[in-house]
Amino acid sequence: MMRYSAFSLFAQALKKHQDWPEFWPDAAPKPAYDAIIVGAGGHGLGAAYYLAKKYGIRNVAVIEKGWLGGGNTGRNTTIIRSNYLYDESAHLYDHAVKLWDGLSQDLNFNVMYSKRGVMMLAHNVHDIQSFKRHIHANRLNGVDNEWLTPEQAKAYCPPLNISPDARYPVLGAALQRRGGTARHDSVAWGYARAASGLGVDIIQNCAVTGIRRGSDGAVQGVETTRGYIAAKKVGVSAAGNTSVIMDMAGLRFPLESYPLQALVSEPVKPVFPCVVMSNTVHAYMSQSDKGELVIGAGTDQYVSYSQRGALHIIEHTLAAITEIFPFTARMRMLRSWGGIVDVTPDRSPILGKTPVPGLYVNCGWGTGGFKATPGAGDLLAYTMAHDAPHRINAPFTLERFRTGRLIDEAAAAAVAH
């Protein structure tokens, strides 16, 4: 008698289900497309979806060297917020937060967006002054943000240690109530299924090996490990690999890659109601829908493609977390990992056209990539459809590095994430 595992039966049921997306198995590439998106993460899949839905450009291929959502989309820590200081950044990230609000309904797929609030702790006078400046700037831009006393912060997040004798005393906090978390892999799969339903081809295990250009310098298509694919428009949204792909087109980009570490605890019942961040100690924490405490650190101080990161970074983060939230000292850590983030000199993204006609780019988000997912996808689609940036992403084009009009959010973002 033949025996079947529960997983094999589940997989067979999924294959037979009429709503299972067309990219099971992988789509075979066509000879030519109207547009190609390089990178099947949240940003790339989102761009393909909005190209098809909003602009009727459905003959689109999303090509991915690995598997769908297997890059930074699958390695982030799910935080969503828009309380950035500068006008350009506030408008960009708030555009994304507004899209997050109705994304599950739009995609008919639960991305588990939870508006539980993002609280940023102030540990010294500089933090207090900086956060209050952020609050006033945010309100001028229509972005919600408010100041909490230590007692109000503890009321919002009971596990918080507000003892004045603590190594990192909490002197107050800034709270964005619309901030929160979403399930990262659900976002990728939701966009993938919706884009596939509109006719987009999603081609996995297909690495770009070259960008073909015509005599006029314009893009003609891409060379891949699965053959040449023609398209007059190519959008690159491949975190950690952008510089390599741009080099294929003869372009040098102002990007550096750094490891970014995080870890999760063993799963427990709900004990942590919000997201709490601290720039002073470069740490943040939330609780996932599976019950794990999700803890993240700041980026390493050196460039690297390592997905492990320096041990002293994560040790410092855990020491701070156990001081700020004493109950975590009793928790066992389940697993740790490191992602690779691309950062620009001004720590703000590049989203727009390149000097090569028909070649578009979305990169340099650093630690802000996940929270921007729907906004980045929507704006990349707009830029490709109109061959011009939207007013929201116009300040984030590559031209700012030529003119020196930088958006130095690195010194102003309150926290690294």
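All residue numbers refer to positions counted from 1 along the written sequence of the respective chain. Given that the model is predicted, a residue must reach a pLDDT of at least 70 before its local features are reported, and side-chain atom pairs must reach 80 or more before they are shown or counted; all residues, however, enter totals for whole chains, interfaces and linings. Side-chain numbers here rest on the full set of heavy atoms in the structure, without hydrogens or water.

This part is about the overall build of the chain. Within the chain, the secondary structure is distributed over 11 helices and 20 strands. Counting over 417 residues, the chain shows a buried share of 56%. Long-range contacts, defined as pairs at least 24 residues apart, comprise 75% of the intrachain contacts of the chain with a sequence gap of at least 6. Note on areas: Shrake-Rupley, 1.4 Å probe, and residue coverage restricted to the protein chains presented here. Accessible area for the chain stands at about 18300 Å²; split by element, carbon and sulfur atoms hold 53% of it. Across the chain, the mean location of the 41 positive side-chain charges is 4 Å away from that of the 34 negative side-chain charges. A run of DSSP states H or I qualifies as a helix once it reaches four residues; a run of E qualifies as a strand once it reaches two. Both are numbered from the N-terminal end. Accessibility here uses a 1.4 Å probe with only protein chains present; expressed as a share of the type maximum, an area under 20% marks a residue as buried, one over 50% as exposed, and anything in between as partly exposed. Should any heavy atoms of two residues lie within 4.5 Å, those residues are considered in contact. We count Lys and Arg on the positive side and Asp and Glu on the negative side, and we leave His and both chain ends out. To locate a charge, take NZ of a lysine, CZ of an arginine, CG of an aspartate or CD of a glutamate.

This part covers the side chain of Thr373. Mapped onto the fold, Thr373 is located in helix α10 (residues 373–386). A relative accessible area of 3% means that Thr373 is categorised as buried. Not counting the four nearest positions on each side in its chain, Thr373 is found in contact with Gly42, His43, Trp100, Val187 and Tyr191.

Looking now at the pattern of salt bridges. Whenever a carboxyl oxygen of Asp or Glu lies within 4 Å of a side-chain nitrogen of Lys or Arg, that contact is scored as a salt bridge. This structure, assessed with the given rule, holds 14 salt bridges. As a salt-bridge pair, Asp185 and Arg183 come within 2.8 Å of each other at their nearest N and O atoms. For the salt bridge of Arg400 with Asp346, the shortest nitrogen-to-oxygen distance reads 2.9 Å. Residue Arg400 is found in helix α11 (residues 400–403), and its partner Asp346 is found in the loop between β18 (333–343) and β19 (350–353); the two are separated by 54 residues along the sequence. Residue Arg400 is classed as buried on the basis of its relative accessible area, which comes to 3%. A relative accessible area of 1% places Asp346 in the buried class. Here the salt bridges do not stand alone but share partners, grouping Asp94, Lys98, Asp144 and Arg178 into one network.

Here the focus is unusual backbone geometry. Of note in this structure, Asn108 is not a glycine but carries a positive phi near 55°. Topologically, Asn108 is positioned in the loop between α4 (103–107) and β5 (118–122). Here Asn108 falls in the exposed class, since its relative accessible area comes to 62%.

Turning our attention to the confidence of the model for the chain. Low pLDDT marks stretches whose predicted atomic positions should not be read closely. For the chain, per-residue confidence averages 90 on the pLDDT scale, and 92% of positions sit at 70 or higher. Overall, residues 1–24 carries pLDDT values under 50, and its contacts beyond four positions in sequence, including any with other chains, amount to 14 contacts. The low-confidence segment residues 412–416 (pLDDT under 50) makes 17 contacts with residues lying over four places distant or belonging to another chain. The predictor's confidence in any single residue is recorded as pLDDT, a number from 0 to 100.

Our focus in this paragraph is the pairing of β5. With 5 of its 5 residues buried, β5 lies for the most part within the structure. Residue alternation in β5 divides its side chains into two sets, Val118, Met120 and Ala122 and Met119 and Leu121, and both sets are buried. Between any two strands, pairing holds if DSSP finds at least two bridges. Relative to strand β7 (residues 172–176), β5 runs antiparallel, the two sharing 5 bridges. By the bridge assignment for β7, Met120 is matched with Ala174.

Turning next to the state of the cysteines. Only a pair of cysteine sulfur atoms within 2.5 Å counts as a disulfide in this structure description. All told, the structure shown has 0 disulfides when counted by the stated rule. Cys274 supplies the cysteine sulfur nearest to Cys157, a cysteine that is in no disulfide, at a spacing of 3.9 Å.

Taken in spatial order, the 8 strands make up an open sheet running β6-β7-β5-β15-β16-β17-β14-β18, and their pairing is mixed. Lying at the two open borders of the sheet, with one neighbouring strand each, are β6 (146–148) and β18. Pairs of neighbouring strands in the sheet enclose a mean axial angle of 25°, with direction left out of account. Taken together, the 3 bridges between strand β15 (residues 275–278) and strand β16 (residues 283–287) define a ladder with antiparallel strand orientation. Within the sheet, the bridge partner assigned to Val276 lies in β16 and is Met285. Those strands touched by helix α9 (residues 311–324) are β5, β14 (256–265), β16, β17 (293–299) and β18, and its axis lies near 130° from that of β17. Axis definition: a line fitted to C-alpha atoms, over the contacting stretch in the case of helices. Angles run 0 to 180 degrees between N-to-C directions.

Between the first and last C-alpha of helix α5 (residues 125–140) there are 23 Å, a value that for 16 residues agrees with the 22 Å anticipated at 1.5 Å per step. Elements that come into contact with the buried residues of α5 comprise β5, β6 and β7. Structurally, the start of α5 carries an N-cap: the backbone nitrogen of His126 is 3.2 Å from a side-chain oxygen of Asn124. Gly142 sits one or two residues past α5 and shows a positive phi near 75°. Given the number of residues in a helix, its expected span is that number minus one, multiplied by 1.5 Å. Within 3.5 Å is the distance limit for a polar contact, defined as a pair of N or O atoms, with the added protein rule that one can donate a hydrogen and the other accept it, and that residues adjacent in sequence qualify only through two side-chain atoms.

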